[in-house]
2 protein chains.
Amino acid sequence: MSAFNKLKQHSQKISHFNHLAAICGWDQAAVMPAGGNQARSEAMAELSVHIHGLHTQPQLEEWFAAAESEPLNTQDKATLRELKRQWQQANVLPEDLVQAKSLAGSKCEHAWRTQRGENDWQGFEKNWAEVVKLSQEEAQIRAEANGLSPYDAMLDIYEPGTNSASLDVLFSDVKAWLPDLINQVIDKQASEQFIQPQGKFDTNQQKALGLEVMKLLQFDFNHGRLDESVHPFCGGVPSDVRITTRYDESEFVQSLMGIVHETGHARYEQGLPKSLAGLPSGEARSMGIHESQSLFFEMQVGRSEAFIAHLARLAGQHFGGHNPELFSQANFQKLYTRVKKDFIRVDADELTYPAHVILRYEIERDLINGKIKHTDVPELWNQKMQQYLGLSTEDNYKNGCMQDIHWTDGAFGYFPSYTLGAMYAAQFMSTMRATVDVDSAIRSGDLSPLFTWLEEKLWSQGSLLTTDELVKQATGEILNANHFKQHLINRYL
Amino acid sequence: MSAFNKLKQHSQKISHFNHLAAICGWDQAAVMPAGGNQARSEAMAELSVHIHGLHTQPQLEEWFAAAESEPLNTQDKATLRELKRQWQQANVLPEDLVQAKSLAGSKCEHAWRTQRGENDWQGFEKNWAEVVKLSQEEAQIRAEANGLSPYDAMLDIYEPGTNSASLDVLFSDVKAWLPDLINQVIDKQASEQFIQPQGKFDTNQQKALGLEVMKLLQFDFNHGRLDESVHPFCGGVPSDVRITTRYDESEFVQSLMGIVHETGHARYEQGLPKSLAGLPSGEARSMGIHESQSLFFEMQVGRSEAFIAHLARLAGQHFGGHNPELFSQANFQKLYTRVKKDFIRVDADELTYPAHVILRYEIERDLINGKIKHTDVPELWNQKMQQYLGLSTEDNYKNGCMQDIHWTDGAFGYFPSYTLGAMYAAQFMSTMRATVDVDSAIRSGDLSPLFTWLEEKLWSQGSLLTTDELVKQATGEILNANHFKQHLINRYL
């Protein structure tokens with residue numbers, strides 16, 4: 001057997017264990033009773049150790065060396081590139097650093113769950129110092145291994161090929177027009193009247209409505225499910241994608257659009273190339289591209305006038321007995337496009353969201369590159385919130401720099417993916433409109449032309465191309481902020 | 001670290017992977033969409049190979065040899081005995097035989113799913129010949145390893161310590177009085193009038209009723225769940241026990257008692273000693289003892305007059321709008337104790353069930369010991385059905401020897417567990433009544449005294465004792481058919 005085939009076989013073996021981890025992880029979040037948690041966590045930790053052991057088997061080095069000189073076609077070359085990338089990521093860090101960071105991260109995150117509510121920066125900062133220090137060490141080692149700057153080496157985990165030089169350009173562009181645009185839209189919306197849903201909206205009806213919307217979005221129920229969890233997510237495996245939502249009986253608006261969002265993630269997974277199953281070249285390209293699909297579904301399709309007409313109609317059918325004006329298309333449109341300057345990223349609307357992300361990006365970039373200290377973060381946060389959204393977070397740590405889980409366990413480099421995803425989504429839609437009559441398709445209720453485009457250009461490509469190649473092939477240009485800006489202006493002004 | 005501790009650590013590692021297998025197996029049966037099956041089966045096969053690899057690691061032989069001479073307390077000695085038993089079971093067969101039997105079994109079972117409906121004995125017999133031949137080889141190898149007869153070596157997989165000499169005695173006893181008793185009871189019931197439930201019984205209400213009955217039986221919902229699957233089972237792990245049922249909207253009687261049955265299995269698992277988690281000494285003692293707990297719940301408690309009063313009352317509360325006489329205690333009693341001579345084991349009542357099992361035991365014993373040929377089975381089946389239940393299965397293979405899945409993939413030695421379980425359950429109840437006012441406790445709705453007895457005498461013992469020791473310690477005598485006979489006479493005559 002060729003070294004390349006040995007590597008492929010090994011990857012498929014790992015993917016089988018990843019499959020079990022994904023299903024047991026879904027189970028833990030969606031259906032496991034609380035008392036099962038300790039034994040489950042132990043079992044999953046054992047599995048992680050086993051998977052890590054498979055990634056770091058000594059013979060892999062030899063196989064990679066041999067595979068480099070084997071005759072491979074274009075697709076196999078891409079597979080080898082991604083296999084090697086995954087192997088390097090798994091082997092670059094010394095075990096003791098991985099363990100130390102994992103411990104410090106768990107400790108910091110665990111304490112944060114209480115400290116945040118208590119606005120306890122002093123307490124948090126003590127634990128977080130260690131997480132930041134170890135993350136800086138991690139970034140340094142990664143940087144030395146791949147010749148990038150420390151922060152870019154962290155970015156590379158989530159967004160291979162993206163670097164802070166290009167993010168600086170993209171985000172400077174956005175910063176140049178976003179604050180003004182936000183102000184204009186808020187002024188425009190100031191006099192708007194709309195009706196907020198007021199419960200009770202039965203959970204079973206919300207679920208039935210969600211399933212109907214998933215059907216409209218052509219979710220493949222033969223290869224996936226909808227369930228509930230405290231924090232909605234898209235998990236499972238491409239042959240069996242598990243999305244979750246959380247129902248709140250006092251309103252249905254958020255959960256419903258959450259289902260649309262997760263369905264975007266799910267359809268990307270369901271559309272990945274089956275011939276490359278079990279290989280990293282058959283996996284999603286990056287966090288940003290993954291988010292581009294959920295945001296394509298949520299923002300480009302889900303909040304379009306044509307789709308909102310469906311949502312309003314279907315919701316009206318499921319929730320009889322409420323004020324019918326709640327379910328008018330115009331009211332739904334207002335509910336789903338309301339803009340507000342506020343503190344919390346996860347509750348932010350489409351327009352203010354990038355401000356939250358850019359702020360985090362600028363801080364984590366400088367922190368990981370050693371240009372600022374972790375104790376500088378609250379003041380920088382406050383300054384940037386004032387600058388981008390006109391809000392002060394002075395002494396308001398819990399709604400400021402202590403609001404996200406990401407930094408508590410050292411996931412630096414992840415935040416940009418959210419706004420990259422929004423920009424990619426706008427660029428994909430803009431390109432798609434050149435050849436697809438998007439609005440007619442959505443209005444007709446048969447969205448196949450949109451999905452055919454996404455499947456052909458993106459989903460079926462897995463990770464065969466680099467992100468830049470993928471986006472250029474799909475849209476004719478590399479990522480830029482123009483389509484995003486135009487989309488926001490069209491929708492909100 | 002002592003060799004014994006190394007063995008314990010290794011066992012706990014294996015148990016973590018078994019945990020993942022149990023949860024993913026539950027998922028596959030209870031919630032997985034059909035399209036996920038191929039990838040899941042591949043992932044679970046990979047896991048099986050891995051677990052088998054752990055059971056057969058070469059250093060274990062050395063550890064077992066060293067542990068034998070280490071100073072161990074009584075509990076540790078029991079753990080070592082069970083560890084060794086598990087290790088020997090995993091290592092006794094040559095790999096090629098395991099694979100050949102697995103392949104032949106899959107092929108036979110798969111074809112059987114169609115052949116049974118078509119009453120196609122000729123087709124089935126061709127595949128089954130290979131399964132029987134390989135099972136005989138397996139039995140021979142196991143027999144040589146532990147000095148038992150071939151069939152006893154198969155029995156030992158499911159019922160360690162039980163052998164056909166003692167089964168012959170027990171079952172001869174039953175055969176001496178069962179056919180007459182069945183006839184007497186059928187005569188007695190001939191003139192009984194009762195009302196059959198006639199749908200529709202809403203699935204959600206059936207589930208709510210089932211959950212209420214599980215509460216009455218003190219199922220621990222912090223460590224378990226109720227879900228649905230085509231074939232009801234009890235799975236998961238002791239810290240998270242997953243039971244399933246199947247709802248039929250045309251009636252609720254069967255599913256409801258099925259839940260009682262599975263709750264018995266579940267409470268045994270939930271009551272296993274936590275201090276021995278991950279060790280075979282902390283696992284259920286045997287299939288027969290496991291079944292004794294489900295049958296204790298179903299037959300000894302569930303079909304008692306006191307418990308049926310609860311079932312009738314609760315069902316009446318959940319299914320308004322039906323004929324109230326359906327929900328009278330007297331009618332429920334008749335519904336749940338109706339005796340009928342019939343062909344199918346899984347549909348059999350408490351009284352005729354042992355006849356179905358003894359018939360199978362006698363045939364599989366002689367088949368595995370090479371005293372009969374597999375082609376003799378249909379005629380033997382017909383003879384024994386005539387003898388025990390007065391029914392002919394001539395040319396009726398699908399309702400005769402082709403009705404069960406067990407033999408199709410070579411699970412010879414399993415059938416006796418069902419009737420051993422029924423006998424153990426009767427013996428436990430008979431002993432319990434000497435110190436516990438069982439009927440008052442059931443009537444009061446607080447069944448704690450029963451569960452305290454079971455927990456102390458059985459559940460908390462895991463596999464620390466042999467089955468005979470366990471039963472003798474709990475009841476003062478080894479297993480005999482007297483309690484079972486008396487129970488059946490009391491209930492049915």
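Criteria and thresholds
- For every chain, the first residue of its written sequence is number 1, and the numbers climb from 1 along that sequence.
- To label them, take the chains in the order written and letter them from A, then take the ligands in the order written and number them from 1.
- Only residues with pLDDT of 70 or above have their local features reported here, since the model is predicted, and side-chain atom pairs are shown and tallied only from 80 upward, although totals for entire chains, interfaces and linings are computed over all residues.
- Hydrogens and waters are ignored; side-chain quantities use all the structure's heavy atoms.
- Numbering of helices and strands runs from the N terminus; a helix is a DSSP stretch of H or I covering at least four residues, while a strand is a stretch of E covering at least two.
- Both definitions apply: the radius of gyration is a C-alpha atom measure, and the globule rule equals 2.2 Å times residues to the power 0.38.
- For the exposure calls, accessible area comes from a 1.4 Å probe over protein chains only, and a residue counts as buried if that area is under 20% of its type's maximum, exposed if over 50%, partly exposed in between.
- In this description, contact between two residues means that some pair of their heavy atoms is separated by no more than 4.5 Å.
- All accessibility values rest on the Shrake-Rupley procedure with a 1.4 Å probe; residue burial counts only the protein chains present in the view.
- What sets the superposition is a least-squares fit of C-alpha atoms, and only residues with pLDDT of at least 70 in both copies go into it.
- As used in this record, nonpolar core signifies buried Ala, Val, Leu, Ile, Met, Phe, Trp, Tyr and Cys residues forming a set joined through side-chain atoms within 4.5 Å.
- Only strands joined by at least two bridges in the DSSP assignment are considered to pair.
- Here an axis means a line fitted to C-alpha atoms, over the contact stretch when the element is a helix, while the angle between two N-to-C directions is reported on a 0 to 180 degree scale.
- Each C-beta atom gives one direction from the helix axis, and the arc is the one those directions make.
- UniProt positions are given in the numbering used here, feature names are shortened, and annotations may be inferred rather than shown by experiment.
- We define buried area as the total accessible area lost by two parts upon association, computed with a 1.4 Å probe and summed across both.
- A pair is scored as a salt bridge if a Lys or Arg side-chain nitrogen falls within 4 Å of a carboxyl oxygen belonging to Asp or Glu.
- Polar contacts, as counted here, are pairs of nitrogen or oxygen atoms within 3.5 Å of one another; within protein the pair requires one atom able to donate a hydrogen and one able to accept it, and residues that are adjacent in sequence qualify only if both atoms are side-chain atoms.
- Residues were grouped as follows: Ala, Val, Leu, Ile, Met, Phe, Trp, Tyr, Cys and Pro as nonpolar; Asp, Glu, Lys and Arg as charged; and all remaining residues, including Gly, as polar.
- Crossing chirality is assigned from the near helix's rotation relative to the far helix, an anticlockwise turn below a right angle marking it left-handed and a clockwise turn marking it right-handed.

What to know about the overall build of chain A
A count of helices and strands for chain A gives 20 helices and 3 strands. Its C-alpha radius of gyration of 23 Å places chain A within 12% of the 23 Å reference for a compact globule of 493 residues. Considered along the principal axes of its C-alpha atoms, chain A spans approximately 65 × 50 × 50 Å. When each of the 493 residues of chain A is scored for burial, the buried share is 55%. The long-range share in chain A, meaning contacts at least 24 apart out of those at least 6 apart in sequence, stands at 73%. In the form shown here, chain A has an accessible surface area of approximately 20300 Å², with 49% of it arising from carbon and sulfur atoms.

Some thoughts on the relation of the copies chain B and chain A
The transform that puts chain B on chain A rotates by 180° and translates by 0.0 Å along the axis, for an RMSD of 0.0 Å. Both chain copies can therefore be described as sitting about a two-fold axis. A share of 100% of interface residues in chain B that are also interface residues in chain A marks the association as one of identical surfaces.

Some thoughts on the nonpolar core
By size, the foremost hydrophobic cluster in this structure holds 111 residues, and its most contacted members are B:W128, B:F252, B:F296, B:F307, B:F332 and B:L450. Among the elements that line this core, the one with the most residues is helix α16 (residues 416-435) of chain B, at 10 residues. The contacts of B:W128, once residues within four sequence positions are left out, are B:C108, B:W121, B:L367, B:H374, B:V377, B:W407, B:T408 and B:F412. In terms of nonpolar packing, the next biggest core, distinct from the first, is built from 110 residues, A:F124, A:L155, A:A355 and A:I372 among them.

Let's talk about the sheet that holds strand β2 (residues 234-237) of chain B
Residues and elements named next belong to chain B. Taken in spatial order, the 3 strands make up an open sheet running β1-β3-β2, and their pairing is mixed. Only two strands of the sheet have a single neighbouring strand rather than two, namely β1 (224-228) and β2. Looking at each pair of strands side by side, their axes are set apart by 20° on average, direction ignored. In the sheet, β1 pairs with strand β3 (residues 240-245) via 5 bridges, with the strands oriented parallel. Note that in β3 the partner of E228 across the bridge is T245.

Looking at helix α20 (residues 482-492) of chain B
All names here are of chain B. Turning to α20, its buried residues are H483, F484, H487, L488 and Y492. When α20 is viewed along its axis, its buried side chains cluster within an angular range of 135° and face the same direction. Those residues of α20 that are buried are in contact with α8 (164-189), α11 (287-302), α14 (353-368) and α16.

Points about the UniProt feature "active site" (unreviewed entry) in chain A
Residues and elements named next belong to chain A. Under the feature "active site" (unreviewed entry), the UniProt entry names E262. Within the secondary structure, E262 sits in helix α10 (residues 253-271). Setting aside chain neighbours within four positions, we find E262 in contact with P232, F233, C234, I243 and T244.

A word on the interface of chain B and chain A
Taken residue by residue, the interface counts 31 residues in chain B and 31 residues in chain A. Summed over both partners, the interface of chain B with chain A comes to about 2600 Å²; 62% of that surface belongs to carbon and sulfur atoms. Three residues stand out in chain B for area buried against chain A, namely B:H16, B:L20 and B:E46, and they jointly supply 20% of the buried area on that side. The tally of links between chain B and chain A comes to 4 salt bridges. One salt bridge connects B:R242 with A:D27, and the closest N-O pair in it is separated by 2.7 Å. Here chain B and chain A share 14 residue pairs in polar contact (both at pLDDT 80 or more) between them. Those elements that place two or more of their residues in the side of chain B that touches chain A are α1 (3-30), α2 (37-55), β1 and β3 of chain B. Broken down by element, the residue count for the side of chain B that touches chain A peaks at 9 residues, all from α1(B). Taken together, the residues of the side of chain B that touches chain A sort by class into 14 nonpolar, 9 polar and 8 charged.

So, the sheet that holds strand β1 (residues 224-228) of chain A
Residues and elements named next belong to chain A. Strand order in the open sheet formed by 3 strands is β1-β3-β2, with mixed pairing between adjacent strands. Whereas interior strands pair on both sides, the edge strands pair on one side only; in this sheet they are β1 and β2 (234-237). For this sheet, the mean angle separating the axes of adjacent strands, direction not counted, is 20°.

Points about the packing of helix α9 (residues 203-216) of chain B against helix α10 (residues 253-271) of chain B
All names here are of chain B. Orientation of α9 relative to α10, taken along the N-to-C sense of each, is 35°, at an axis distance of 10 Å. For the element pair α9 and α10, the recorded crossing hand is right-handed. Taken together, the residues of α10 that come into contact with α9 (itself represented by Q206, L209, G210, V213 and M214) are S255, L256, I259, V260 and T263. Here the contact of α9 with α10 is built from residues that sort into 6 nonpolar, 4 polar and no charged.

A short note on the UniProt feature "binding site: Zn(2+)" (unreviewed entry) in chain A
All names here are of chain A. Those places that UniProt annotates as "binding site: Zn(2+)" (unreviewed entry) correspond, in this numbering, to H261, H265 and E291. On the basis of their most widely separated C-alpha atoms, the annotated residues across 31 residues gather in one place, lying no more than 8.9 Å apart. As for its placement among the helices and strands, H265 is situated in helix α10. Sequence-distant contacts of H265, defined by excluding residues within four places in its chain, comprise C234, H290, E291 and S294. Relative to the elements of secondary structure, E291 occurs in helix α11 (residues 287-302). Here E291 is in contact with H261, H265, S417, Y418 and G421, once residues within four sequence places are set aside.

A look at the pattern of salt bridges
Applying the stated criterion to the full structure yields 52 salt bridges over all chains. In this structure, the salt-bridge partner of A:D404 is A:R345, at a minimum N-O distance of 2.9 Å. Here A:D404 is found in the loop between α15 (377-389) and α16 (416-435), whereas its partner A:R345 is found in the loop between α13 (329-336) and α14 (353-368), with 59 residues between them in sequence. We note that A:D404, like A:R345, is buried. B:D404 serves as the salt-bridge partner of B:R360, at 2.6 Å between the closest nitrogen and oxygen.

Some points on the pairing of β3(B)
Residue and element names in this part refer to chain B. Buried residues dominate β3, accounting for 6 of its 6 residues. Side chains D240, R242 and T244 project from β3 onto one buried face, and the interleaved V241, I243 and T245 project onto a second face that is buried too. As defined by bridge partners, β2 adjoins β3 across 4 bridges and the pair is classed as antiparallel. Its bridge partner being in β3, G236 is matched across the sheet by V241. Here β2 hands over to β3 after 2 residues, the two strands then running antiparallel side by side.

Section: the environment of A:L148
Residue and element names in this part refer to chain A. Within the fold, L148 resides in the loop between α6 (121-146) and α7 (150-158). Looking at L148, the relative accessible area reads 33%, which means it is partly exposed. Filtering out sequence-adjacent residues up to four positions away, L148 remains in contact with A143, A153 and D156.

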